[in-house]
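Understanding the architecture of this molecule
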Amino acid sequence: MFLTKEEEKLLESPNEGIRKCMEILVAVGEIFGAEKLIEIKSAQISGVSYSNIGEAGLEWLESLDVKVTVDSFLNPAGFDLERWKEMGIEESYREKQLRIIRAFERMGVKLTLTCTPYYLEEIKKNDHLAWAESSAVIYANSIIGARTNRESGITALAAAVIGKTPYYGLHIKENRAPTVLVKIKGENFALAGLELGKALKEGEIPLVEFNRKPSEEELKLFGAALASTSSCSMFHAVELTPEWKDFETPREKIEVDEAEFEKCSPDLIAIGCPHVSKRELEKIYELLKKYGRVKRNLWIFTSRKIKDECSNLVRKIEELGGKVFSDTCMVVSPASEKFNCVMVNSGKALEYLPKLRKVNATFASLEECVRWATLED
Amino acid sequence: MRIRARGVSKGFARGEALVSKSKISFLGDVDAKSGVIVDRKSDIYGESVANKVLVFPSGKGSTVGTYVLPQLKKNGVAPLAIINERTEVIIAVGAIIAEIPLVDMPEVNVFEILKSGDIVTVNATEGWIEVE
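Presented here is a report on the structure given in the accompanying data block. All values reported here derive from a predicted model rather than from experimental measurement. (Residues numbered from 1 in each chain as written. Chains lettered and ligands numbered in written order. Predicted model: local features only at pLDDT ≥ 70, side-chain atom pairs only at ≥ 80, totals over all residues. Heavy atoms only, no water.)

1. Concerning the side chain of Gln 71 of chain B
Within the secondary structure, Gln 71 of chain B is located in helix α2 (residues 68-74). Residues in contact with Gln 71 of chain B, not counting those within four places in the same chain, are Glu 55, Ala 56 and Glu 59 of chain A together with Ala 32 of chain B. (Helix = DSSP H or I, 4+ residues; strand = E, 2+ residues; numbered from the N terminus. Contact = heavy atoms within 4.5 Å.)

2. Thoughts on the pairing of strand β5 (residues 81-84) of chain B
All names here are of chain B. Judged by which residues are buried, β5 turns out to be covered on both faces: Ala 81 and Ile 83 on one side and Ile 82 and Asn 84 on the other are all buried. Relative to β5, strand β4 (residues 53-56) runs parallel, the two sharing 4 bridges. Each bridged residue has a counterpart across the sheet, and for Leu 54 the counterpart in β5 is Ile 82. Considered for its hand, the β-α-β crossover made up of β4, α2 and β5 is right-handed. Of the strand pairs in this sheet, β5 and strand β6 (residues 102-104) are connected by 2 bridges, and their pairing is parallel. What sits directly across from Ile 82, in β6, is Leu 102. One crossover worth recording links β5 to the parallel β6 by way of helix α3 (residues 89-98), and it is right-handed. (Buried < 20%, exposed > 50% of the residue type's maximum accessible area, 1.4 Å probe, protein only. Pairing = 2+ DSSP bridges. Right-handed = clockwise from strand over helix to strand, strands pointing away.)

3. Some points on the interface of chain A and chain B
Taken together, the 20 residues of chain A in the interface contact 19 residues of chain B. Here chain A packs against chain B, burying approximately 1700 Å² in sum over the two surfaces, 69% of which is carbon and sulfur. Of all residues in chain A, Lys 20, Ile 31 and Ile 154 of chain A bury the most surface against chain B, accounting for 30% of the area lost on that side. For the interface between chain A and chain B, the tally reads 2 salt bridges. Listed by contribution, the elements that provide at least two residues to the side of chain A that touches chain B are α2 (16-31), α3 (50-63) and α6 (153-162) of chain A. (Buried area = accessible area lost by both parts, 1.4 Å probe. Salt bridge = Lys/Arg side-chain N within 4 Å of Asp/Glu carboxyl O.)

4. What to know about the sheet that holds strand β10 (residues 268-271) of chain A
Residues and elements named next belong to chain A. Strands sit in the order β12-β11-β10-β13-β14 across an open sheet of 5 strands; the sheet is parallel. Each edge of the sheet is formed by a strand with only one pairing partner; in this case those strands are β12 (323-326) and β14 (360-363). Going from strand to strand, the sheet's axes swing by 30° on average, the running direction of each strand aside. Examined bridge by bridge, β10 and strand β11 (residues 297-302) share 4 bridges and lie parallel to one another. Along β11, the bridge assignment pairs Ala 270 with Trp 299. (Axes fitted to C-alpha atoms, helices over the stretch in contact; angles between N-to-C directions.)

5. Some points on the nonpolar core
One finds Leu 61, Phe 104, Leu 157 and Met 330 of chain A together with Phe 26 of chain B to be the most contacted residues of the largest nonpolar core, which totals 108 residues. Ignoring anything within four residues of it in the chain, the contact list for Leu 61 of chain A reads Ile 53, Ile 100, Ala 103, Phe 104, Met 107 and Leu 157 of chain A together with Tyr 67 of chain B. With 56 residues, the next largest nonpolar core counts Ala 140, Val 180, Leu 196 and Ile 269 of chain A among its residues. (Core = buried A, V, L, I, M, F, W, Y, C linked by side-chain atoms within 4.5 Å.)

6. Here's the deal with the environment of Val 122 of chain B
All names here are of chain B. Secondary-structure assignment places Val 122 in strand β7 (residues 119-123). Taking relative accessible area as the criterion, Val 122 reaches 0% and is therefore assigned buried. Once the C-alpha coordinates of Val 122 and Asp 29 are considered, the two residues, 93 residues apart in sequence, prove to be 24 Å apart. Once residues within four sequence positions are removed from consideration, Val 122 is found in contact with Gly 11, Phe 12, Ala 13, Val 53, Ala 81, Ile 83, Val 103, Trp 128 and Ile 129.

7. As for the pattern of salt bridges
Residues and elements named next belong to chain A. For the coordinates displayed, the defined rule picks out 41 salt bridges over all chains. A salt bridge links Lys 201 to Glu 252, with the nearest nitrogen and oxygen atoms 4.0 Å apart. With Lys 201 in the loop between α7 (189-199) and β7 (206-209) and Glu 252 in the loop between β8 (236-237) and β9 (253-256), this pair connects stretches of sequence that are 51 residues apart. Among the residues examined, Lys 201 registers a relative accessible area of 53% and is labelled exposed. Notably, a salt bridge pairs Lys 289 with Glu 286, separated by 3.7 Å at the nearest N-O pair. A residue pair is termed a helical-turn pair when its members lie 3 or 4 positions apart in one helix, as Lys 289 and Glu 286 do in helix α9 (residues 278-291) at 3 residues. Among the charged side chains, a network of salt bridges with common partners joins Asp 80, Glu 82, Arg 304 and Asp 327.

8. Topic: the state of the cysteines
Residues and elements named next belong to chain A. Considering all chains together, one arrives at 1 disulfide over all chains under this definition. Sulfur-sulfur distance for the disulfide between Cys 264 and Cys 341 comes to 2.0 Å. Handedness here is read from the sign of the S-S torsion; for Cys 264 and Cys 341, about 75°, the answer is right-handed. Remark: Cys 341 occurs in strand β13 (residues 341-344) and Cys 264 occurs in the loop between β9 and β10; sequence separation between them is 77 residues. Exposure remark for Cys 341: the relative accessible area of 2% places this residue in the buried category. For Cys 232, which is in no disulfide, the shortest distance to another cysteine sulfur is to Cys 273 and amounts to 16 Å. (Disulfide = S-S within 2.5 Å.)

Put into structure tokens, the structure is as follows:
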């Protein structure tokens, strides 16, 4: 890989952290055959929850003495920083998690603690990014037309420190061409996303034909689900996404139906994987007005910024018995582990809850989720 | 015999080889305290990677596995060096942050010329391995 004189100097930096970050970028570049490094607009760093990265991650992050040089966002952590007690988080766990967050804060990473950084800052078409959260990566590439590979927490951090990322994969226009045409048969696109991920081969990019026009939030849930059952980091959607017309239509064609799931009676209904938008909060409030007070646990997850901007709406939802948490979600928080059955409207959460939190998960549409929350046990 | 390879994580080490034909996920397959392979499906199940030149095809699994390599190092049970057929990001980045020399893409099939117990030298800074 070609390196400029300045980049080569970083490999000899007296700061061990900077040297390591540069070595990481060079190694990744060599592995994927990148010709050079390119500058990035922002980085988004995953691997924040202590439940996921554990002692190993915590120790390494605390050992680093580096500062980020571009806008850098942080993925959700293990609990709401303000309402951790309500979530049943133990003090010892809280301390470990706060050490991780403080380590990132010392590096200059913004404590956004969200998987939806695209609701916080304007991301533009063709911006080069180094994002790690798979649902944010697929959203940025597909729905915005920005360019990022699916980074790991560490490679995103290395990119944030150097301000650059290796130029390969989805940073290059011709690698963004669709390889298979996909007709969606099912009614729920989050479930269809799960099924499509299982059907795709490594490296494939689908051009998707939906059977009706999805909302932006439905596209978000579709992408998040797709990225959770595959390494797919980009899709195109006919008439909907910014780059779908830029390439020839693939010849190979498949049909995809909804994924199947287990049924159970939920003691927690959890919405917000990925974190909900303002429109989704509005919709939840409308549905609560329609179905009445919450009688089971209804937890809604969003970014702190959206929560602050919608404080009235949040208050009204909470008056009806829902809880709106920030900084975390049902997938990364150990708080989900004490329930028997978690109902979600997210394909991604349906996929990850049994694996990461070892709880049963079941699925329903947003409207059905809210209705279930208002039913007696 | 000196074999050229690609240096991915710089450094130099000499030691006894531990050869596996299974892909390794450091998160879950290896006990971070002891360095012992706990994945029952692995062909080196029950062996310790500690202070060995660990030879395996590539990595797999969660990217959190990256963090296990510095943890092994801290616990004194890390491999001396790693030889991969073709490395991938989880292992490569883990080796870099743990300062474990790593080479990949050796010019010959190492599984044909190397077996567990052989003494191997790895020079990942210059990009070669030598079997005694």
